[in-house]
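One-letter residues, chain by chain:
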Amino acid sequence: MTETMTSAMAALTPRPRRSALTRKVNALRWGTVLVLIALWEAICDGPLRNNDFLAPPSRVLTIGVAAIAQPANLLALWQMTSRFLEAFAIVAIVGSVLGLVLGRVHRQIFHGARDVVTVLYALPMVPFYPLFVLWLGLGMRSEVAFGVIHGIIPLVLITMTASAGVETNLIASGRAMGAGRGQRVGLIVLPAVLPEMIGGLKIAASLSLLGVLLGELMISVDGVGTFILAQINNHQAAPLDAMILIVCLGVVVINALLSLIERRASRWR
Amino acid sequence: MSAAAAPAAGSPPLRDAVEPVISVTDVSLSYGPVLAAHDLTFDVRPGEFVSLIGPSGCGKSTALRAIGGLLAPQSGAVIVNGSPVTGPRPSEISFVFQDLALYPWRSARRNVEIALQFAGVSSRERRTRAMDALAAVGLGDVGDRFPSQLSGGMQQRVAIARALVSDAKILLLDEPFAALDEQTRLKLGGQLLTLLEEHGKTVVFVTHSLSEAAYLSDRIVVMGPRPATIKDTITVPLARPRHPSSMREAEFHSLTDQLTGLLYDDANE
């Protein structure tokens, strides 16, 4: 009797709502992607047939990707990637430290610096790029620097605001338990602001890549930017679109990796 | 003003001859231009449980912070174990904050461990000691949970375990049960009292609950409104060990009446 009741109840009990919701969200997400790709193919085969700048996905995947697999073009991709990685490493280290210092050293320093950094964040950086080239020369150094300047400002702003907002009593209790200044920063402030800081790193990664790419597009002799300009000049839609897609894919991968770290760092929330 | 009332029948075993472990002498405290407490003088003897009560915002917590070395007195002196307090002394004084100041990104066990981590205790030893401290407060089985996964009363006990894990003999408690209902508060208070007697701790306890102060304390320092001054120091006439039935004794009621009278006078002033 009890067994019958248990099995009947098990049959009546709905599956956990959360997994059902996740399945629906996933279906919607990938369904949207597939619909957009199908739409893209249909438009390129119909109204935009034989246009110079948007190739259908089928051509992008065949002709475009094959063109990018050429050694010279892979080199361009590597040049941009290495410049981005260098810029992002500088942003992550310098931006985090600067944000913590400006947020925690003194209240007045925080307020003063926040205004300056906010204004810098609002400034468009593009007009300054020729100056970077003049200061640092044509090539890698100015492109990396342009990537750094794009990514570092939001990271500093987010980190300094979060670290200045750490609850006073969390710090005071650390002091009462004998934490030195270094321990208070390393064991209290840093873990408290880590989720915000990783959120800042996600923004910084996209903007650093944008900075490097802008540099390559404006004044450069190599890299992905130069490749893109060449395809535009030569009306080569498939390689152009393939390269743009690869860059977008790179951004998605970086974002997903940082999101993974963000989720781990925010488990307690 | 701070003279102790004559001990009544059944009073706790206090001896005036015993050297005080905490001596607060003519202490005035301020936050910037705001005078928070004026001319405070009281002593706490080894093993004694002293409560500070007074109207909200009267400076009770400020006085506790001065004893804990988190706030320097503007004038006067705080002497602990024979030497003036100039900063936190984690090996002698533990502090439980009103908002508990648990680190939300650390599990209950790691919250307790951090007190030992600041003191440079090896990871193996601090793990064992933290588990012992959690077991002592009845939380041996929730060491891996984050504070957000614990009830208010459990969080409270984690904070107390963190204060007990060091060998400090003085415990400063700033309204630790303020967020709990009266029933839980008195139950936890009773458990705390037993625990502290077992550990031989000297306690200064800030509270705004008259019954809590009367039930737990050996002496009660009654403070007037801001800037805080001491109105009276009352010796609690209840025998130890205390039991919830102590709250039904006539002495308990006359004591809470006396405290109400003192605080009601403040309200009229």
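Chains are numbered independently. Their residues run from 1 in the order of the written sequence. Just so you know, chain letters begin at A and ligand numbers begin at 1, following the order they were written in. Given that the model is predicted, a residue must reach a pLDDT of at least 70 before its local features are reported, and side-chain atom pairs must reach 80 or more before they are shown or counted; all residues, however, enter totals for whole chains, interfaces and linings. Derived side-chain values reflect all non-hydrogen atoms in the structure, with water molecules and hydrogen atoms excluded from consideration.

Chemist: Outline the overall build of chain B, listing residues and values.
Modeler: A count of helices and strands for chain B gives 7 helices and 10 strands. Using C-alpha atoms as the atom set, the radius of gyration is obtained and then compared with a globule rule of 2.2 Å times the number of residues to the power 0.38. Taking 2.2 N^0.38 as the reference for a compact globule, 269 residues should give roughly 18 Å; the C-alpha atoms of chain B span a radius of gyration of 18 Å, in line with that estimate. Projected onto the principal axes, the alpha-carbon positions of chain B cover approximately 50 × 45 × 35 Å. Relative accessibility under 20% of the residue-type maximum defines a buried residue, over 50% an exposed one, and the middle range a partly exposed one, all with a 1.4 Å probe and only protein chains included. For chain B, the residues scored as buried account for 54% of the 269 residues in total. When contacts within chain B are restricted to residue pairs at least 6 apart in sequence, long-range pairs at least 24 apart make up 71% of them. When the accessible area of chain B is evaluated, it comes to approximately 11,300 Å², of which 52% is carbon and sulfur surface. Under the scheme used here, helices are H or I runs from DSSP no shorter than 4 residues and strands are E runs no shorter than 2 residues, and both carry numbers assigned from the N terminus. Should any heavy atoms of two residues lie within 4.5 Å, those residues are counted as being in contact. In short, Shrake-Rupley with a 1.4 Å probe defines the accessible areas, and a residue's cover is counted only from the protein chains shown.

Chemist: Account for helix α4 (residues 152-165) of chain B, naming residues and giving values.
Modeler: Expected span of a helix, by definition, is 1.5 Å for each gap between consecutive residues, and there is one gap fewer than residues. In this model α4(B) runs 20 Å from its N-terminal to its C-terminal C-alpha over 14 residues, within 8% of the 20 Å that 1.5 Å per residue would give. Among the 14 residues of α4(B), 10 are classified as buried, and the element is accordingly described as predominantly covered. Turning to α4(B), its buried residues are B:Gly153, B:Gln156, B:Val158, B:Ala159, B:Ile160, B:Ala161, B:Arg162, B:Ala163, B:Leu164 and B:Val165. For α4(B), the elements touching its buried residues are α8 (168-176) of chain A together with β6 (93-96), α2 (108-118), α3 (123-136), β7 (170-174) and α5 (182-199) of chain B.

Chemist: Any details on the pattern of salt bridges? Residues and values, ideally.
Modeler: Residues and elements named next belong to chain A. Any carboxyl oxygen of Asp or Glu within 4 Å of a side-chain nitrogen of Lys or Arg constitutes a salt bridge here. With the rule as written, the count across this model stands at 13 salt bridges over all chains. A salt bridge links Asp222 to Arg83; its shortest N-O distance comes to 2.8 Å. Taken together, the residues span a long stretch of sequence, with Asp222 in the loop between α9 (181-218) and α10 (223-233) and Arg83 in helix α4 (residues 71-104) at a distance of 139 residues. Asp222 sits in the partly exposed class, given a relative accessible area of 22%. Given the relative accessible area of 3%, Arg83 is considered buried. Across the salt bridge formed by Lys202 and Glu262, the nearest N and O atoms sit 2.9 Å from each other. Of this pair, Lys202 sits in helix α9 while Glu262 sits in helix α11 (residues 237-265), and the two are 60 residues apart along the sequence. Three or more residues joined by partner-sharing salt bridges are found here, namely Arg83, Glu143, Glu216 and Asp222.

Chemist: Mind laying out the nonpolar core, listing which residues take part and the relevant values?
Modeler: Generally speaking, nonpolar side chains in soluble globular proteins are found buried as a group. Residue types Ala, Val, Leu, Ile, Met, Phe, Trp, Tyr and Cys, when buried and joined through side-chain atoms within 4.5 Å, form a set referred to as a nonpolar core. Counting residues in hydrophobic clusters, the biggest one holds 149 residues, and the most contacted among them are B:Ile22 and B:Ile67. For B:Ile22, the contacting residues outside a window of four places in its chain are B:Phe42, B:Asp43, B:Val44, B:Ile67, B:Ile79, B:Val80, B:Ile170 and B:Val204.

Chemist: Please give an account of the sheet that holds strand β5 (residues 83-84) of chain B that cites residues and values.
Modeler: Strand pairing in a sheet takes place through backbone hydrogen bonds and is either antiparallel or parallel in direction. Residues and elements named next belong to chain B. Strands are treated as partners if at least two bridges between them are detected by DSSP. As summarised here, the arrangement of the 4 strands in space is β2-β1-β4-β5, forming an open sheet in which the pairing is antiparallel. The strands lining the two open edges of the sheet, one partner per strand, are β2 (34-44) and β5. Bridge analysis of strand β4 (residues 75-80) against β5 gives 2 bridges, and the strand direction is antiparallel. Residue pairing in the sheet places Ile79 in a bridge with Pro84 of β5. Angular values range over 0 to 180 degrees, each being the angle between N-to-C directions of two axes fitted as lines to C-alpha atoms, with helices fitted over their stretch in contact. In this fold helix α1 (residues 60-67) packs onto β1 (22-31), β2 and β4, with an angle of close to 120° to the strand it touches most, β1.

Chemist: Tell me what's going on with the sheet that holds β6(B), and back it up with residues and numbers.
Modeler: Residue and element names in this part refer to chain B. Reading across from one edge, β6-β7-β8-β3-β9-β10 is the order of the 6 strands in this open sheet, with mixed pairing throughout. Two strands close off the open sheet at either side, each with one partner strand: β6 and β10 (230-235). Taking each pair of neighbouring strands and ignoring which way they run, the sheet shows an average axis angle of 15°. Across 5 bridges, β7 lies against strand β8 (residues 202-207) in parallel orientation. Bridging from a neighbouring strand, Leu173 pairs with Phe205 of β8. Contacting β6 and β7, α4 crosses the sheet at an angle of about 170° to β6.

So, to be careful, I would describe these as geometric facts and stop short of saying anything about function.
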